[in-house]
Amino acid sequence: MCGIAGIISRTPVDIAQDLVTMLSLIQHRGPDAAGVAVFQDTEQVTLRVTLQKAEALGHLKEYIAECGVILSQSSVTNITNKLCYEFAVDMDPEKIKALHEKINSDEELDVHSISSHFKVYKEGGFIENLTGRYELKNYMCRHGIGHVRMATESAEDVNAAHPFVSPFYPELAIVHNGQFTNYFNMRRFLESKGAKFKTLNDSEAASHLIAYAMTLFDGDLQKALEYAGDQMDGVYCIIASTPTQMGFVKDKLGIKPLLVAETDNYVMLGSEQIEFTAIDGHIFANEMEPGEVRVWNI
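Residues numbered from 1 in each chain as written. Predicted model: local features only at pLDDT ≥ 70, side-chain atom pairs only at ≥ 80, totals over all residues. Heavy atoms only, no water.

Per the stated rule, a full pass over the model turns up 10 aromatic pairs. Measuring from ring centre to ring centre gives 6.1 Å for Tyr121 and Tyr139, while their planes differ by 70°; the resulting arrangement is edge-to-face. With a gap of 18 residues between them, Tyr121 in strand 7 (residues 118-124) and Tyr139 in the loop between helix 4 (127-133) and strand 8 (140-149) connect regions that are remote in the sequence. One aromatic cluster in this structure is built from Tyr121, Tyr134 and Tyr139. A cation over a ring is seen here: Lys122 above Phe164, with NZ or CZ 4.7 Å from the ring centre. (Phe/Tyr/Trp six-rings, centres within 6.5 Å; stacked < 30°, edge-to-face > 60°. Helix = DSSP H or I, 4+ residues; strand = E, 2+ residues; numbered from the N terminus. Lys NZ or Arg CZ within 6 Å of the ring centre and 35° of its normal.)

In structure tokens:
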């Protein structure tokens, strides 16, 4: 069991703070990790990455130098003593995919996000660990997604936390609640297409699959989610977002809950009704249908 959240605002609001508040109301669904992806345009590419060992920093900077120039960097140590770095990079956006692939090919490095449109922040344990390490306030923007994780099939590691991204389509982030019964078949297929897996989390397979589908359908999120829904077996709900769209796909059995609430000001997605009271105490959400796919333009 995990908890997921998504929010689209008609006007800019403090999306990160709203997501944290929503997730705090479903902390009981996932005590092992928490994370958010906040979509806000910046003037340069931002790379967020973890290092398995401090010595990997030299390699990382070499990879970045092949594609651009580091403008700034900062780091924190997460609760499992991994170094988490953020770099602002002056680079051609056309090189983002190549840099993502290069970094991902290094066993000592794990990309959390690389984009000029969004950042992924994630941390092990309770939400307080996430907010204690990162200043998740004053992100005035219009959409974002979040997750609290209960580790059921892979390690309690920050790199197995959500949201997930993929080098196939770096501008996509996903959060997932559920399990796949055909994980190994999906993994073998995706590896044949060039995917480099960094964890044993089946949600990583979903991120690669949907990102791969985005390349097949020229960035059409509706078609990508429909394609993924036909390929994934199991019980699941996935929220996926790009800088311009947000959507979901729900398993055909309809086992895992996914609720959607729409008002004049918001579209909100989540695992439980209580999440939406963080934004509007009078709102009522509707349960989505088995196998349903829906996408909103931002």
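Anyway, onward from the coordinates.
Strands sit in the order 7-2-8-1-13-12-14 across an open sheet of 7 strands; the sheet is antiparallel. Where the open sheet ends on each side, the last strands, each with one partner, are strand 7 and strand 14 (286-287). For strand 2 (residues 33-39) and strand 7, the ladder comprises 7 bridges, and the chain directions are antiparallel. Along strand 7, the bridge assignment pairs Phe39 with Phe118. Relative to strand 1 (residues 3-14), helix 1 (residues 15-24) is tilted by about 150°, and along the sheet it contacts strand 1, strand 2, strand 8 and strand 13 (266-270). (Pairing = 2+ DSSP bridges. Contact = heavy atoms within 4.5 Å. Axes fitted to C-alpha atoms, helices over the stretch in contact; angles between N-to-C directions.)

With that settled, consider the sheet that holds strand 5 (residues 83-91). In spatial order, the strands read 4-5-3-6; together these 4 strands make up an open sheet with antiparallel pairing. Of all strands in the sheet, those bounded by a partner on one side alone are strand 4 (68-77) and strand 6 (109-115). Going across the sheet, the axis of each strand differs from the next one's by a mean of 20°, ignoring polarity. Relative to strand 5, strand 4 is paired through 9 bridges, and the arrangement is antiparallel. What sits directly across from Ser74, in strand 5, is Glu86. The strands that helix 3 (residues 96-104) touches are strand 3 (45-51), strand 5 and strand 6; relative to strand 6, the one it contacts most, it runs at about 165°.

Glancing now at the side chain of Arg48. If you trace the backbone, Arg48 turns up in strand 3. On the basis of relative accessibility, which here comes to 4%, the residue Arg48 falls in the buried class. Setting aside anything within four residues of it in sequence, one finds Arg48 in contact with Tyr85, Glu86, Asp110, Val111, His112, Ser113, Lys119, Val120, Tyr121 and Tyr134. (Buried < 20%, exposed > 50% of the residue type's maximum accessible area, 1.4 Å probe, protein only.)

When two helices pack together, their arrangement is given by the angle between their axes and by how far apart the axes lie. Between helix 6 (residues 202-216) and helix 7 (residues 221-231), whose axes approach to 8 Å, the crossing angle comes to 130°. As summarised for this structure, helix 6 and helix 7 are arranged oblique, according to the angle between their axes. Considering only the axes of helix 6 and helix 7, their crossing is right-handed. Contacts between helix 6 and helix 7 involve Leu209, Ile210, Tyr212, Ala213, Met214 and Leu216 on the former and, on the latter, Leu221, Ala224, Leu225, Tyr227, Ala228 and Gln231. The class makeup of the residues in the contact of helix 6 with helix 7 is 11 nonpolar, 1 polar and no charged. (Parallel < 35°, antiparallel > 145°, perpendicular 65-115°, else oblique. Left-handed = near helix turned anticlockwise from the far one by under 90°. Nonpolar A, V, L, I, M, F, W, Y, C, P; charged D, E, K, R; others polar.)

Another aspect to go through is the layout of surface pockets. To locate leftover empty space, one rolls a probe as large as a water molecule over the atoms. Taken as a whole, the largest pocket encloses approximately 190 Å³ of empty space. Every residue along the wall of the largest pocket is listed here: Pro93, Glu94, Ile96, Lys97, His117, Tyr169, Pro170 and Glu171. The residue makeup of the lining of the largest pocket, split by class, is 4 nonpolar, 1 polar and 3 charged. (1 Å grid on protein atoms, 1.4 Å probe; cavity = no way out; pocket = protein on both sides within 12 Å on 5 of 7 lines; lining within 4 Å. Points joined across faces, edges and corners; volume = space filled by probe spheres on them.)

It is worth spelling out the state of the cysteines at this point. The tally for this structure, following the rule as stated, stands at 0 disulfides. The cysteine Cys237 is free of any disulfide, with Cys2 supplying the nearest cysteine sulfur at 11 Å. (Disulfide = S-S within 2.5 Å.)

Time to look at the packing of helix 2 (residues 56-65) against helix 3. Between helix 2 and helix 3, the least distance of the axes is 10 Å, while the angle of their chain directions is 160°. Taken as axis vectors, helix 2 and helix 3 run roughly antiparallel relative to one another. As for the relative orientation of helix 2 and helix 3, their crossing is right-handed in sense. Along the contact surface, helix 2 presents Leu60, Tyr63 and Ile64, while helix 3 presents Leu99, Lys102 and Ile103.

Its place among the elements puts Asn177 in strand 9 (residues 173-180). Here Cys2 takes part through its backbone nitrogen, which lies 3.1 Å from a polar atom of the side chain of Asn177. If we ignore the near neighbours within four places in the chain, the residues touching Asn177 are Met1, Cys2, Ile4, Arg29, Val235, Tyr236, Cys237, Lys256, Pro257 and Ser271. (Polar contact = N/O pair within 3.5 Å; in protein donor to acceptor, adjacent residues only side chain to side chain.)

Because the α-helix completes a turn every 3.6 residues, residues three or four places apart line up on one side. Among the residues of helix 2, those classed as buried are Ala56, Leu57, Leu60, Tyr63 and Ile64. The buried residues of helix 2 occupy an angular sector of 120° when the element is viewed end-on, so they sit on one face. In this structure, the buried residues of helix 2 make contact with strand 3, strand 4, strand 5, helix 3 and strand 6. (Arc of directions from axis to C-beta.)

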